[in-house]
Each structure stands twice: as structure tokens, then as C-alpha cells.
Amino acid sequence: MTINFTRKPDTGSVQRTSYMAAFSLAETLLSETTAVPTSVNVEAAHFAPAAPLIKVYFHHDSAAVREFAAQFSLVVKVEEFPEGQQYTEANSERHGVKIQAWALLNAEQVAAATDAQAAA
């Protein structure tokens, strides 16, 4: 016979410290950026309490993701989907906190952005 105990791990202090570090960094990023995001989420999951994450979302604005990335030396990648959508993501890590900025454009927005670049 096997008995599997499910006990909540004692991650409280590590998780709290991770949250505070991420909140502090998020505050700094928001106070310094010129690209104001739609939303900012701070995560420090119970299953990875020492791996805090800041997710910065820019609604349909991949240019803002690039602007944010340039200001904070984040690495940008762009992924095209078969349906014509475009996902732009920028990542980095500071002081043990991961930063992820992202935006998703639908096919019409991608076409409009392409037309605007061609006209410039």
C-alpha cells in the first residue's frame, strides 16, 4: 500500500519576498517607461516561489512593446501565425525577476501596420 500525502509546501516567505521584488521592479518600470501598458501582472506562483514574473501587456500595440523593450534592453521576438496574426514578445530578467512584455495583432491590424510602414 502506498500513501501519498499532499501537504502545502512552506513557500510563504520566499513567495512573499518574490512578490515584493517583482512589485518594486514593476513600479520602477512603469515610472520610467514612455510606453504605458494596458495591464501589468505580477506573479510568484506557489509551485515556483523563487521565480517571480512581471507580464506587461500592450493591447494591439506591437510598437509599444518594441519601445518598452528598447528602454529596458529586452530581447524582442516576433512570431507570425498562419491566420495572419502577429505575436510580439520582449523578455529579460532583472534582479532575479523575469520581465515579459507582449502584444497580439490580428490580421487586419498587421495589414494596416504593413501599409503604414510602406507609406512612410
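Going by the structure above, here's the rest.
Small disclaimer: the values here were computed from a predicted structure and weren't measured.

What counts and how
- Residues numbered from 1 in each chain as written.
- Predicted model: local features only at pLDDT ≥ 70, side-chain atom pairs only at ≥ 80, totals over all residues.
- Heavy atoms only, no water.
- Helix = DSSP H or I, 4+ residues; strand = E, 2+ residues; numbered from the N terminus.
- Rg over C-alpha atoms; globule rule 2.2 N^0.38 Å.
- Buried < 20%, exposed > 50% of the residue type's maximum accessible area, 1.4 Å probe, protein only.
- Contact = heavy atoms within 4.5 Å.
- Areas by Shrake-Rupley, 256 points an atom, 1.4 Å probe, with all protein chains shown as cover.
- Lys, Arg positive; Asp, Glu negative; His and termini not counted.
- Charge placed at Lys NZ, Arg CZ, Asp CG, Glu CD.
- Expected span 1.5 Å × (residues − 1).
- Arc of directions from axis to C-beta.
- Core = buried A, V, L, I, M, F, W, Y, C linked by side-chain atoms within 4.5 Å.

### Notes on the overall build of the protein chain
Thinking step 1. A count of helices and strands for the protein chain gives three helices and five strands.
Thinking step 2. Taken over the C-alpha trace, the protein chain has a radius of gyration of 18 Å; the compact-globule value for 120 residues is 14 Å, which it surpasses by more than 25%.
Thinking step 3. Overall, the C-alpha framework of the protein chain stretches about 70 × 40 × 20 Å when taken along its three principal axes.
Thinking step 4. Looking at the protein chain residue by residue over its 120 residues, the buried ones come to 32%.
Thinking step 5. Of the contacts made within the protein chain by residues no fewer than 6 positions apart, 47% connect residues no fewer than 24 positions apart.
Thinking step 6. Put simply, the protein chain shows about 7,800 Å² of open surface, and 55% of that area lies on carbon and sulfur atoms.
Thinking step 7. Each charge class in the protein chain can be summarised by its mean position, and for the 8 positive and 13 negative side chains these summaries are 14 Å apart.

### What about helix α1 (residues 12-32)?
Thinking step 1. The end-to-end C-alpha separation of α1 is 30 Å, in line with the 30 Å expected for 21 residues at 1.5 Å each.
Thinking step 2. Here α1 has its buried residues at Q15, S18, A22, L25, A26 and L29. What you see down the axis of α1 is that its buried residues fit within an arc of 110°, all on one side. With respect to the buried face of α1, the exposed residues turned more than 90 degrees away are S13, R16, T17, M20, E27 and S31.
Thinking step 3. Of the surrounding elements, those touching the buried residues of α1 are β1 (39-43), β2 (53-57), α2 (62-72), β4 (86-94) and β5 (97-105).

### Describing the nonpolar core
Thinking step 1. One finds L29, I54, F58, F68, L74 and A101 to be the most contacted residues of the largest nonpolar core, which totals 20 residues.
Thinking step 2. Looking at this core, the elements that each hand over two or more residues are α1, β2, α2 and β5.
Thinking step 3. Looking at which element gives the most residues to this core, the answer is α2, with five residues.
Thinking step 4. L74 has contacts with F68, A69, A90, N91, S92, I99 and A101, leaving out every residue within four places of it along the chain.

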